[in-house]
Structures are given as C-alpha cells and as structure tokens.
Amino acid sequence: MCGICGFTGQLEERESTLQKMTEVITHRGPDDDGYFMDDYIAMGFRRLSIIDLESGEQPVTNENGNLVLTYNGEIYNYKELKKELEDLGHHFKTNSDSEVLVHAFEEWDEDMLTKLRGMFAFAIYNKETKALFMARDFFGIKPLHYTMIGDDFCYASEIKSILEHPKFEKRFNRKALDAYLSFQFCPPPMTFFEDVYCLLPGHFLWYRDGVVETQRYFEPKFKPDNDMTEEEAVDKIEKVFEDSVNAHKIADVEVGCFLSSGVDSSYVATYFEGQKTFTVGFDFGEKYNEITWAEALSEKIGVEHHSKLISSEEFWAAVPKVQYFMDQPLADPSCIALYFVTKLASEHVKVVLSGEGADELFGGYTCYNDPRVFKVYQKCVPYFLRRAIGWFCKKLPDIKGRDYLIRATHPLEKRYIGNAYMYDEKQKTAILKDPSIATDPARMVRRYYTRARRYDDETKMQYLDINMWMVGDILLKADRMSMANSLELRVPFLDKEVFNVASTIPTNLRVNKFNTKYAMRKAAARHLPEEVAEKEKLGFPVPTRVWLKDEHYYNVVKSMFQSPTAEKFFNTKILVRYLDEHYEEKEDNSRKIWTIYVFLVWYQIYFGPVTEEELATEQAAPSEGAENAENAPENAVQDSEIADDNPETGTKIFTPVKEGDETSQPAPEPAPREAPAPEMEEIFSTSGRMPRAVRVNVETVTEEEEGIPALSEDSYETPDDFFENLKEQLRENIIDDSESTEE
C-alpha cells in the first residue's frame, strides 16, 4: 500500500515541492520513497512494503523506459497476468505487481483495466507523448484526487498533498457543506476544496495537451437470475468468497483480520485459523462493546485475538487527529473507532482483511427492508394523507413507530438518499447563515435512480449505496484510518468476481421477511455458529448520544457551537437548541449535532479558527448569497454536478460551477418530454481554471422511462383489510433507528 502524488509544469523549487507533497503522506508508506522528474512532470511515491520486499520500489518503468508508473494498491491476479505478458514477449526485472501494471498498459492500453483483479489507483506517464493516464479501481477502494493549478495538472492520493503545492490557492467550497449536511460526507467527485476533484470509482482519466478527460470503464450492474434456487445461491457465494479471501491473503508479510460480532468480518475470520484478529469497543454495555462476542468466536474458530477498550477521553481527544487524516469532514463516528482498531492491528501486522462491502453487494442494511414493510401502507394510503401523517409525526416526541410513518411518507426516490440522512432542505435553510446554498438532496442522487430505473426498490437502494454511501463513507474511512496507521486494509467482499455472483442473486434471497443478506448469511452459516451468522446488523455502534447527555461533553460541543467559526456558517441559536433538546432528553438530535461538530473541528484544522475580528468584518459586509436568500432558487446547483453516463461510451461529464460566475445558472428541473432531444454535456467545461474539452451526446430519458413514481397515489384498496394489515405491519416490522450511522 502506498501514496502517490505529482504535478506538471515548472516551479522555482520544483524538487522541494515534490518532496513536501510526498512527505505529507508518509503515513501511507513509511518504508521507502521514490521520485521521477523530467522537464514536463514530477512524480512522487511513498511505499508500504507488502509484496516483493527487496525489489518492489517505485517509480517503475517498462523495458525501454518510456513509461513511468507510480501506484497505490494490490493486484491479486498479478502472477497470472505476468505469465500472460511474458508469453507475449515482455521481460520483467522484479516480482512486483506494480511492474505487471506498466507492462499491461504497454500491451493493452486502457483495456488493461478489465483484466485486473484488485484495488488500485495509479498514474502512468508516457515520456514520448507527454500524456498522463490515471485510473481508480472498480469500487473506489483506493483514492485519487486531482486539480488544475493555472495551466498545470496536479494529483495525489490525499488532498493534503495537493495543498503543499505553492501555487495552489486553498479555497473553501460552500456547496460541499450543503451536500455534507444531508449525507454526512461530501459526495464525490466534489470536495470541500474548490477545484479539487475526486476521480470516481471505475473511471480512468487522461491528461494530454492541457485537457482532462474522464471515462467510466466499469459499472456495478445487477442482473438477478430469478430462477436461481436458495441452495444454488449459497453454493455460489461460498465458492467465490473462499476464492476471494485466499486471493486477498497473498502477501510477503503477515496478514490479520478485523473481527466484530457481525457476520461480515466473522465470515472473513473463519479463513484465519492460527492467525490474528482485532476488535475494539466502548465501556457502555454490550450494545457498544463487541469484544466479548469477538473473544468467544475467536476461541471457537482458533485465532489469536487482540482487543482494546476505548475510553471516552481517548475518543474525544482523537477527533481532531482523525479529521486531519480524513482530509474532508466525515460525520460517521465509527471512523474514530476504526482509527483505534487499525492502530491496534498495526502493532502486530502490516495487512488486515475486513468485511466492508458485504451489505451493499448482498443487501445487508436493515433499511433495505423498508420497501417490503411500507408496501401495504403506501399502496392503500394516498400520498396527500401520508404527507399529513408524516408532518404530524414530526411534531411528536421520539416514540416507537414515529420514524416508520415519517419514512413511509414519500416514494423511494424522494425519501432515500442513502444510509445517512441528516438535514433536509428546509432544515438546512434554517441553520445556514447563507441559506441560498441549501438544496434538495434528492436532486443529488437522481442520476443514480435514473440509471437504476429498471430495478426493484431494494436493488435501487443497493445501487445508490454502492455509488454514494460506500464510496463517500465506508471506503473513505477504511482507507484513511488504515493508512493513518500505515496499515494495509483489504476488502475481499469488494472483489469483481464476488460482485459477478452477488449481482445475480434474486432480490428475495438478498432481503426478505426472515433477514437481510439472507443467502450470504446461509453461506456464512456453513462456517460459523448459527447465532453469529444470523445476528442482527449493528454497524459499528458508538455511544455519541450517551456522551452528548453528559455535562462535560455537552459543554465541549456547546462551546464549539457558540464559537466564531460556528457563527461564520450557522445560526448558532438553532444549533444550541438542538443540543439542549438532546441534553434534556426531549429529542434524539445526536447525529445532527455530531455532523455540525465534526465539520467545525475539521474547518479549524484546514482553514484555521475564525476570529472575532474576521467575523465582525464578514457581518459588516454580508455576502450576496445571504442578501438574496429569499429570492434564491429552490434548488441551487452543486459546485460540481455529474450528468448521467453515456451507456455506450461511458464518458463522464464534469461541469465545475464557480462562485461569482455570472454565466452559471441553477440546473432546471427536467420536464417530461414525449420525444426528448439528445442532451449536450461537457467532459470538462471551463470555469476559469479548467481547460475546455470536446462535447458528447448523452441520451436522456423521460420520467416515465425512469420509472419514478407519480406523487398522486389516491386509490384505496379494501380499507378494512388495509387497517388490519397496517396494524400487523406496525407490530412486526417497525424498525428502530440504531446508534450506528448504518441503519
């Protein structure tokens, strides 16, 4: 596992700049460094030695030296690819997977990507053509960020590396705050730094002749085989997962495994007999401490177990450090617990396997039950009445059943934006000092619902989470927290061969009335005690709601909510009201409070605390956006919206929108058309910094084709039966919100 960075163009202190950019990500690779420079580009590398310890240094070149590669990741089928390339006449100097990559590109160009099995983010520079090729793995396990600095291109594994470039102008992206308040993370490709972008999963990028072009080479599509039996599904899952775990264990160093009480990591751990597992917990009872479960399972499956109990003081003290390593604010409190378990593991091994991705691929989140649970209610109660009931329920105290009726108000495309839904548009408008940036979060996910329009509701939720939640939260924290402790984290569920099987599992074998991840649990039950395989999904529970009722931590957060930094962005009286309501146990506002607190901590790390003088200056000259808030459009466009893919070419469109750009207009709501014309969209349009590029035709679809439910559902069916069924649904299927951010 490694870190990479680089930039084109000339600087007075070019060598020292590259060194600073590389050194700031030393935690990604403390074992070695490497550099390449010519008159066009400077490339840096940090290495965590895992495979070919003696001769696996980077940068790596091909035989004639015209291709130069720096790479972060692991290719699990590199030995097979190496043999194939040798048969084609290629000659190798090392036994590393990185050298296989550069020869694969030389032989197959962009088509090399479909041959890879693994996690990766890499850059390949052609000395002769001065072209730079970059790619990110299928699911986004490994990160890659980029920007234009004047006329030059700059990239890095982590944004903090880009910030070291002396000509980069660090500016806060206000629109990212809007998205973050709804999702608890910043949805890629947008970042909290203006003009810095995240290369999306399953995409590659070309930078040549001053033009940035990105294109999609992989999309996780579901193609369920409804004739598949339960036994066939379980057999296929067991076989492909065993193969994936064995592939992910390939290393020249010891490999360990994370272990919780859940089925995902437990299933992985069954392949680690005689090796080491790691768990952390909190001293707040069994709900927040899985150590006892993990120790008991470790004894049964024969592994050496290590655990740590995280104190309240340790957790809160780690918040700033964690947000520094995250690069961008992430309001998932489990990322801090993950920091501690990766730190524990790094004291014993250099590589760990973990269970990320199982829920998204096999249908594991409890919220995936919603479409089945809501079916009768939504079918029989008209939309206007559901809205009235939902509105009324929001006025009720936090009682059992309230959240069910609120969530059931809207059709899926209106209500579900992912596992976390912190603030809606109305709430954001109320708390933001500049309410003009507040948008409807449903608009941000609409493109994914469009692409998933032919799926059933459960599969739509999975598709959305694979593209949003998994990338922006799950894999982001997995990479940043493991790399913060110089530990390589591998995820055998997020393997393209595993997905090929998962994508064919019928919906009723993923989510049904018996359980979530139904077929995968059955496969795990062949290796685990039944009580572990069937255990309810908990996520990674963290006692934030308990801490925020403690006077000490209440005052810690209140002090931050009343700071000049908070005053810069928020109506602090509302923030304090949220905090007081939670402290007095009137309402569980813990997740909303934590979202704001984390952002403020992060902002002070990367932009510095706001002073009273700065705040007074801003208040004396309110922003244009704040002045025009009342007349602002209902939905403002994001800093960087991405349109739908072209199903044929896969080409992605980036349209950066600059603050103060008079030509930038809010994106209009699409109107249904009988015969929609092709929509013209830019690969990378100019916004002052970015170069212009070619345009491509992207086919549009009508709302009817999208399959988006109409908002008028006015028909009752057998009212007596409905109310009887509703009672049964309420008795059997009401789902409590868990402490975890993963519902």
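Worth saying up front: this structure is predicted, and the values here are computed from it rather than measured.

J.: Sorry, what's going on with the overall build of the protein chain here?
T.: When its secondary structure is counted, the protein chain shows 31 helices and 21 strands. A total of 743 residues make up the protein chain; the buried ones form 61% of that total. Residue pairs at least 24 apart in sequence account for 74% of intrachain contacts in the protein chain once pairs closer than 6 positions are excluded. As displayed, the protein chain has an accessible area near 29000 Å², and 47% of this comes from carbon and sulfur atoms.

J.: How should I be thinking about empty space enclosed by the protein in this particular structure?
T.: To find the voids left in a structure, one rolls a probe of water-molecule size over its atoms. Summed over all chains, the structure comprises nine cavities of 30 Å³ or more. As a volume, the second largest cavity reaches approximately 190 Å³. Together, 21 residues line the second largest cavity, and His145, Cys198, Gln328, Val471 and Leu476 are the ones closest to its centre.

J.: How should the packing of helix 18 (residues 457-467) against helix 19 (residues 469-484) be read in this particular structure?
T.: Helix-helix packing: each pair is described by the crossing angle between the helix axes and the interaxial distance. Contact geometry of helix 18 with helix 19 gives a least axis separation of 4 Å together with a crossing angle of 55°. As judged from the angle between their axes, helix 18 and helix 19 are oblique. On helix 19, the residues that touch Leu464, Asp465, Ile466 and Asn467 of helix 18 are Trp469, Met470 and Val471. A breakdown of the residues in the contact of helix 18 with helix 19 according to their chemical character gives five nonpolar, one polar and one charged.

J.: It is not clear to me how a negative patch on the surface should be interpreted in this structure. Could you clarify?
T.: Taken together, Asp225, Asp227, Glu230, Glu231 and Glu232 make up a surface patch of like negative charges. Structurally, Glu230 can be placed in helix 6 (residues 230-248).

J.: Which parts of the structure should I look at to understand the sheet that holds strand 13 (residues 255-258)?
T.: Strands pair in a sheet through their backbones, by hydrogen bonds, and they do so in one of two ways: parallel or antiparallel. A sheet is described by the order of its strands in space; here five strands give the open sequence 15-14-13-16-17, paired in parallel fashion. Either end of the sheet is taken by a strand with one partner, and the two such strands are strand 15 (304-310) and strand 17 (488-490). Averaged over all adjacent pairs, the angle separating strand axes in this sheet is 30°, with direction ignored. Relative to strand 16 (residues 351-353), strand 13 runs parallel, the two being bridged by three bridges. Pairing of Val255 across the sheet is with Val351, part of strand 16. Strands strand 13, strand 14 (276-282), strand 15 and strand 16 of the sheet are contacted by helix 10 (residues 334-346), whose axis makes an angle of about 145° with strand 14.

J.: Help me understand the pairing of strand 9 (residues 152-156) in this model?
T.: Strand residues, when the strand is regular, have side chains that alternate between the two faces of the sheet. Here strand 9 lies mainly inside the structure; four of its five residues are buried. Where strand 1 (residues 2-8) and strand 9 come together, three bridges link them in antiparallel fashion. Looking at strand 9, one finds that Gly6 is bridged to Tyr155. Here strand 8 (residues 145-149) runs beside strand 9; their pairing, made up of five bridges, is antiparallel.

J.: Just to check I follow, could you spell out the side chain of His306 for this structure?
T.: Checked against the element boundaries, His306 lands in strand 15. What makes His306 buried here is its relative accessible area of 17%. In terms of polar contacts, His306 uses its side chain to reach the side chain of Glu304, at 2.8 Å. For His306, the residues in contact, after removing those within four places along its chain, are Lys276, Thr277, Phe278, Thr279, Leu344 and His348.

J.: What's the story with the packing of helix 5 (residues 174-183) against helix 17 (residues 441-451) in this structure? I'm lost.
T.: Between helix 5 and helix 17, whose axes approach to 9 Å, the crossing angle comes to 85°. With respect to helix 17, the axis of helix 5 lies roughly perpendicular. On the side of helix 5, the interface is formed by Asp178, Ala179, Ser182 and Phe183, while helix 17 contributes Pro441, Met444 and Val445. Its residues placed into classes, the contact of helix 5 with helix 17 shows five nonpolar, one polar and one charged.

J.: Before we go on, may I ask you to explain unusual backbone geometry in this structure?
T.: Note on backbone geometry: most residues besides glycine have negative phi, and most peptide bonds are trans. Note that the residue after Pro188, namely Pro189, is joined by a cis bond; omega there is 15°. Along the chain, the position of Pro189 falls in the loop between helix 5 and strand 10 (197-198). Of note in this structure, Glu585 is not a glycine but carries a positive phi near 60°. Looking at the secondary structure, you find Glu585 in the loop between helix 26 (572-583) and helix 27 (590-606).

Cut-off values and rules
Residues numbered from 1 in each chain as written. Predicted model: local features only at pLDDT ≥ 70, side-chain atom pairs only at ≥ 80, totals over all residues. Heavy atoms only, no water. Helix = DSSP H or I, 4+ residues; strand = E, 2+ residues; numbered from the N terminus. Buried < 20%, exposed > 50% of the residue type's maximum accessible area, 1.4 Å probe, protein only. Contact = heavy atoms within 4.5 Å. Areas by Shrake-Rupley, 256 points an atom, 1.4 Å probe, with all protein chains shown as cover. 1 Å grid on protein atoms, 1.4 Å probe; cavity = no way out; pocket = protein on both sides within 12 Å on 5 of 7 lines; lining within 4 Å. Points joined across faces, edges and corners; volume = space filled by probe spheres on them. Axes fitted to C-alpha atoms, helices over the stretch in contact; angles between N-to-C directions. Parallel < 35°, antiparallel > 145°, perpendicular 65-115°, else oblique. Nonpolar A, V, L, I, M, F, W, Y, C, P; charged D, E, K, R; others polar. Patch = residues over 30% accessible without salt bridge, like charges linked within 9 Å, V, L, I, M, F, W, Y side chains within 5 Å. Salt bridge = Lys/Arg side-chain N within 4 Å of Asp/Glu carboxyl O. Lys, Arg positive; Asp, Glu negative; His and termini not counted. Charge placed at Lys NZ, Arg CZ, Asp CG, Glu CD. Pairing = 2+ DSSP bridges. Polar contact = N/O pair within 3.5 Å; in protein donor to acceptor, adjacent residues only side chain to side chain.

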